[in-house]
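Analysis of the macromolecular model
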Amino acid sequence: MLKTLVLRSSSLSFSHFNHFSTLPRKFPFSFTHFPCPFSTVFPRPVNSCRCKVFAMAERTSTSSSHSLKYTNRLATEHSPYLLQHAHNPVDWYPWGEEAFAEARKRDVPIFLSIGYSTCHWCHVMEVESFENEEVAKLLNDWFVSIKVDREERPDVDKVYMTYVQALYGGGGWPLSVLLSPDLKPLMGGTYFPPEDKYGRPGFKTILRKVKDAWDNKRDMIVKSGAFAIEQLSEALSASAGSNQLPDGLAQNALRLCAEQLSNSYDSRFGGFGSAPKFPRPVEIQLMLYQSKKLEESRKPGEAKESLKMVFFSLQCMARGGMHDHVGGGFHRYSVDECWHVPHFEKMLYDQGQLANVYLDAFFISRDILYSFISRDILDYLRRDMIGSEGGIFSAEDADSAEFEGATRKKEGAFYIWTSKEIDDILGEHASLFKEHYYVKPSGNCDLSSMSDPHKEFKGKNVLIERNDSSALASKLGMSIQEYLDILGECKKKLFDVRAKRPRPHLDDKVIVSWNGLAISSFAKASKILKGEPQGTNSNFPVVGCDPKEYMEVAEKAANFIRRHLYNEQTRRLQHSFRNGPSNAPGFLDDYAFLISGLLDLYEFGGSTDWLVWATELQDMQDELFLDREGGAYFNTPGEDPSVLLRVKEDHDGAEPSGNSVSAINLVRLVSMVSGSKSDHYRQNGEHLLVCPHFKENNFSSNQICFLQIAAWFWNSVCVCRLFSSRD
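Residues numbered from 1 in each chain as written. Predicted model: local features only at pLDDT ≥ 70, side-chain atom pairs only at ≥ 80, totals over all residues. Heavy atoms only, no water.

**Some thoughts on the overall build of the protein**
- Within the protein, the regular secondary structure consists of 24 helices and 17 strands.
- Within the span of the protein, comprising 727 residues, buried residues form 63% of the whole.
- Considering only residue pairs separated by 6 or more positions, the protein has 73% of its internal contacts joining residues 24 or more positions apart.
- Counting every atom, the protein has about 26,600 Å² of accessible surface; 48% of that belongs to carbon and sulfur. (Helix = DSSP H or I, 4+ residues; strand = E, 2+ residues; numbered from the N terminus. Buried < 20%, exposed > 50% of the residue type's maximum accessible area, 1.4 Å probe, protein only. Contact = heavy atoms within 4.5 Å. Areas by Shrake-Rupley, 256 points an atom, 1.4 Å probe, with all protein chains shown as cover.)

Put into structure tokens, the structure is as follows:
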């Protein structure tokens with residue numbers, strides 16, 4: 001039954017791609033999730049199907065033929081994602097009472113579509129369905145259609161993603177959910193193609209079936225949706241029976257997590273698990289903490305083995321095509337097992353976390369490879385992702401036009417190269433560069449059968465380092481520094497040419513939580529990079545600045561949030577900023593991630609004002625989100641009646657959970673303040689960690705909960721850092 005599913009499924013994190021390795025490259029899993037009345041009509045979800053899949057669709061550019069013909073209510077919104085749909089023939093509403101009232105007035109279901117502006121498959125569904133006048137007519141006649149930016153309203157997204165995930169075990173974006181006028185879910189899924197294909201129903205068929213069920217089986221499907229929400233709510237409301245952590249829980253959890261990761265370690269290509277491969281910095285951090293614990297337990301051999309997995313994985317990621325060698329930073333994930341061909345969007349939360357783990361690797365190993373990669377990420381953010389007042393933007397799209405005036409956008413067009421282009425740009429150094437980055441006249445996306453199954457990148461090259469630089473330099477009779485200098489000059493030339501291409505869409509929202517992650521990495525870099533050997537040379541895209549400049553970036557970003565997204569009187573945050581603060585309040589992640597960033601600002605040499613603000617935010621977080629009976633923190637303040645569930649997140653995936661970051665924040669605050677304040681933080685931390693949802697028996701081979709590692713730090717009575725930071 002649903003109740004037994006929700007504890008496990010609600011703790012799953014939903015990354016930008018669903019994790020089923022049996023499927024072809026980047027297929028978005030068009031689930032047909034219907035409750036009981038539909039179960040005999042539609043086949044099983046596509047993750048059990050190995051059928052041939054249609055080739056990737058291309059995204060229409062902003063010069064779409066519909067752009068002047070239609071304008072809907074989204075045209076007055078600030079969200080880049082909503083604005084992308086402002087000229088669809090679908091009569092979209094933003095999330096709000098106007099839409100809900102219209103559904104009640106017309107007595108029709110709601111079609112809810114949730115995505116984000118840099119989501120490739122969101123673009124595909126827009127081109128195929130939301131720009132299609134026939135589909136739009138069905139939606140306009142039979143439904144009230146609501147479009148939500150999941151980055152702007154993660155609270156709304158979490159409710160319906162939890163529903164889909166709990167009942168059907170799969171999720172992702174675009175999220176497509178049919179609701180009753182009182183917002184109870186009727187069915188849900190992700191991407192749907194417009195037409196029936198491969199024995200599976202298309203979007204138009206689904207809309208017709210839902211319309212028929214609404215007209216003829218309404219009581220049944222409405223009761224089913226209401227029951228689902230009731231069961232989810234009940235499952236999320238369990239109370240903690242004690243404020244004491246069970247003996248041995250934390251140590252056993254750390255060991256179990258590390259064992260599960262070790263069992264999934266790819267000794268050939270690095271990383272944990274198989275394709276598609278995500279960077280998941282929390283897994284790297286977990287293994288670093290395990291290594292530290294093993295070292296403290298006088299098990300140097302096992303500690304070294306954990307570090308070996310971490311370092312090799314970080315090296316493979318840095319050499320692979322998921323790393324933007326020309327412009328810096330990392331793409332979202334690799335579609336193949338060898339970190340070669342990426343899904344090309346760039347997300348701020350990845351950059352902040354990855355910079356942190358490369359900094360950790362440098363601190364431990366003193367290998368400047370890791371300091372260069374951390375600088376590479378941070379310098380990319382400084383160059384391309386920061387506004388004039390210091391706020392750090394959220395993402396860059398995977399798709400872009402191949403040339404100015406193109407009516408279609410393609411994934412990766414901005415980043416890939418032909419061999420001839422490189423010859424023309426680099427001249428005498430082209431051969432050196434092409435050998436280093438595995439560039440081939442026929443294209444190089446041939447390292448895995450998963451890299452390019454539909455020949456989308458035929459004749460194109462995604463840069464990847466497959467050979468050792470020292471060996472290649474020796475082969476050419478050069479010193480390693482001379483060789484690296486030439487590579488740097490080549491990358492700068494390619495960067496200058498690439499800058500003239502049509503750029504991917506920039507989502508210039510400033511999201512508090514993601515800025516908190518970036519603030520942490522910039523602050524951390526300002527201290528750790530002082531440990532680079534004197535005279536260390538760097539090459540493009542690394543700038544090679546004085547580390548103190550990173551602290552300036554971090555403080556400027558924090559000041560932006562304080563100035564634009566924090567109310568000094570109420571001491572509350574707003575979630576995001578674009579042309580002004582959003583209407584959405586700050587959520588748990590906003591408070592937790594920002595507090596973590598502020599503590600890093602303080603710890604790495606900033607003013608005590610940052611610590612004071614962090615304690616103010618922690619007190620407000622406790623007031624708004626702490627479940628004083630059940631333990632841990634809810635994701636939302638629970639003040640919006642249109643958000644039907646208050647979910648607790650206990651799993652770290654693409655982003656760490658607000659609860660795990662909060663646990664670590666509380667441990668740190670216990671050591672930074674004194675007296676009753678310290679006792680208060682200790683009590684709240686213990687109450688968080690004994691929440692019934694966060695039990696050791698919730699672990700499974702694909703469910704690694706970093707929150708339990710925070711419990712280990714708690715029991716160890718140590719500040720949860722890999723190193724001492726504050727002078």
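**Quick word on the state of the cysteines**
- The final tally for this structure, using the stated rule, is one disulfide.
- Here Cys119 engages in a disulfide with Cys122; their sulfurs sit 2.5 Å apart. The sign of the S-S torsion, about 80 degrees, decides the handedness of the disulfide formed by Cys119 and Cys122: right-handed. You'll find Cys119 and Cys122 in the same group, each marked buried.
- Of all cysteine sulfurs in the structure, the one in Cys338 sits closest to Cys316, which takes part in no disulfide; the separation is 9.8 Å. (Disulfide = S-S within 2.5 Å.)

**What to know about the packing of helix H10 (residues 281-296) against helix H11 (residues 300-319)**
- Following both chains from N to C, one finds H10 and H11 inclined at 155 degrees, their axes separated by 8 Å at the closest point. Classified by the angle between their axes, H10 and H11 sit roughly antiparallel to one another. The chirality of how H10 crosses H11 is left-handed. Contacts between H10 and H11 involve Ile284, Met287, Leu288, Gln290, Ser291, Leu294 and Glu295 from the former and Glu302, Ala303, Ser306, Leu307, Met309, Val310, Ser313 and Leu314 from the latter.
- Residues that form the contact of H10 with H11 fall into these classes: nine nonpolar, four polar and two charged. (Axes fitted to C-alpha atoms, helices over the stretch in contact; angles between N-to-C directions. Parallel < 35°, antiparallel > 145°, perpendicular 65-115°, else oblique. Left-handed = near helix turned anticlockwise from the far one by under 90°. Nonpolar A, V, L, I, M, F, W, Y, C, P; charged D, E, K, R; others polar.)

**Observations regarding the environment of Ser313**
- Summarising the element assignment, Ser313 is placed in helix H11.
- Sequence separation of Ser313 and Tyr265 is 48 residues, and the distance between their C-alpha atoms is 9.0 Å.
- Setting aside residues up to four positions removed in sequence, Ser313 forms contacts with Tyr265, Gly270, Gly271, Phe272 and Ile284.

**Notes on the pattern of salt bridges**
- Summed over the entire model, instances satisfying the criterion amount to 47 salt bridges.
- Close ionic contact of Asp324 with Lys346 constitutes a salt bridge, the shortest N to O distance being 2.8 Å. Of the two residues, Asp324 is situated in the loop between H11 and strand S7 (333-334) and Lys346 in strand S9 (residues 346-347); the sequence distance between them amounts to 22 residues. Each of the two residues, Asp324 as well as Lys346, counts as buried.
- Residue Arg571 pairs with Glu616 through a salt bridge whose shortest N-O separation is 3.9 Å. (Salt bridge = Lys/Arg side-chain N within 4 Å of Asp/Glu carboxyl O.)

**As for the packing of aromatic side chains**
- In total, this model carries 26 aromatic pairs according to the counting rule given.
- Here Trp610 and Trp613 contribute two aromatic rings whose centre-to-centre distance is 6.4 Å and whose plane-to-plane angle is 40 degrees, an arrangement assigned as tilted. Taken as a pair, Trp610 and Trp613 lie in helix H21 (residues 608-625) at a separation of three residues, close to a single helical turn. As far as the burial class goes, Trp610 and Trp613 line up, both buried.
- Joined through ring pairs, the aromatic side chains of Trp92, Phe111, Phe130, Phe192 and Phe203 make up one cluster.
- Sitting over the face of the ring of Tyr93, Arg73 holds its NZ or CZ atom 3.8 Å from the ring centroid.
- In this arrangement the basic side chain of Arg466 is found over the ring face of Tyr438, its NZ or CZ atom lying 4.6 Å from the centre. (Phe/Tyr/Trp six-rings, centres within 6.5 Å; stacked < 30°, edge-to-face > 60°. Lys NZ or Arg CZ within 6 Å of the ring centre and 35° of its normal.)

**Side note on the environment of Ala525**
- Relative to the helices and strands, Ala525 is located in helix H18 (residues 512-528).
- Residues Ala525 and Ala554 lie 29 residues apart in sequence; the distance between their C-alpha atoms is 9.9 Å.
- With residues near it in sequence (within four places) discarded, Ala525 still touches Leu359, Leu378, Pro547 and Tyr550.

**Examining the sheet that holds strand S13 (residues 506-507)**
- Read from one edge to the other, the open sheet built from three strands follows the order S9-S10-S13, with strand pairing classed as antiparallel. Each edge of the open sheet is held by one strand with a lone partner, namely S9 and S13.
- The pairing of S9 with strand S10 (residues 395-396) spans two bridges and is antiparallel. The residue of S10 that forms the bridge with Met347 is Ala395. (Pairing = 2+ DSSP bridges.)

**Focus on the pairing of strand S12 (residues 408-411)**
- The alternating pattern of S12 places Lys409 and Glu411 on a buried face and Arg408 and Lys410 on a face that is not buried.
- Across three bridges, strand S11 (residues 399-401) lies against S12 in antiparallel orientation. Residue pairing in the sheet places Ser400 in a bridge with Lys410 of S12.

**Some remarks on the nonpolar core**
- In this structure, Trp95, Ile146, Tyr160 and Tyr358 are the most contacted members of the largest nonpolar core, which totals 160 residues.
- Looking at this core, the element that brings in the most residues is helix H20 (residues 588-603), giving 10 residues.
- Counting contributing residues, this core receives three or more from each of domain 1 (73-237) and domain 2 (249-414 + 501-532 + 541-714).
- What Trp95 contacts, discounting residues up to four positions off in sequence, is Phe100, Leu112, Ile146, Lys147, Val148, Arg153, Val156, Tyr160, Leu179, Leu183 and Ser642.
- Residues Val326, Ala430, Phe433 and Val439 belong to the second largest nonpolar core, which totals 19 residues. (Core = buried A, V, L, I, M, F, W, Y, C linked by side-chain atoms within 4.5 Å. Domains from an automatic or database assignment.)

**Quick word on H10**
- Over its 16 residues, H10 extends 23 Å from the first C-alpha to the last, a length consistent with the 22 Å expected when each residue adds 1.5 Å.
- Of all 16 residues making up H10, 12 are buried, and the element is well covered by its neighbours.
- Looking one or two places after H10, you find Arg298, whose phi comes out positive at around 60 degrees. (Expected span 1.5 Å × (residues − 1).)

**Thoughts on the confidence of the model for the protein**
- Model confidence for the protein is summarised by a mean pLDDT of 86, while 84% of its residues fall at 70 or above.
- Across residues 1-66 the pLDDT falls below 50, and counting only partners more than four positions away or on other chains, this stretch makes 212 contacts in the model. (pLDDT = per-residue confidence, 0-100.)

**A short note on the sheet that holds strand S2 (residues 92-94)**
- A sheet is described by the order of its strands in space; here five strands give the open sequence S2-S4-S3-S5-S6, paired in mixed fashion. Edge positions in the sheet fall to S2 and strand S6 (185-189), since each of these pairs with one other strand and no more. Between one strand axis and the next, the sheet turns by 25 degrees as a mean value, whatever way the strands run.
- Looking at chain direction, strand S5 (residues 175-179) and S6 are connected through four bridges and run antiparallel.

**So, the side chain of Ser334**
- Considering the arrangement of structural elements, one finds Ser334 in strand S7.
- Residue Ser334 is classed as buried on the basis of its relative accessible area of 0%.
- A distance of 3.4 Å separates a polar atom in the side chain of Ser334 from the backbone nitrogen of Trp339. (Polar contact = N/O pair within 3.5 Å; in protein donor to acceptor, adjacent residues only side chain to side chain.)

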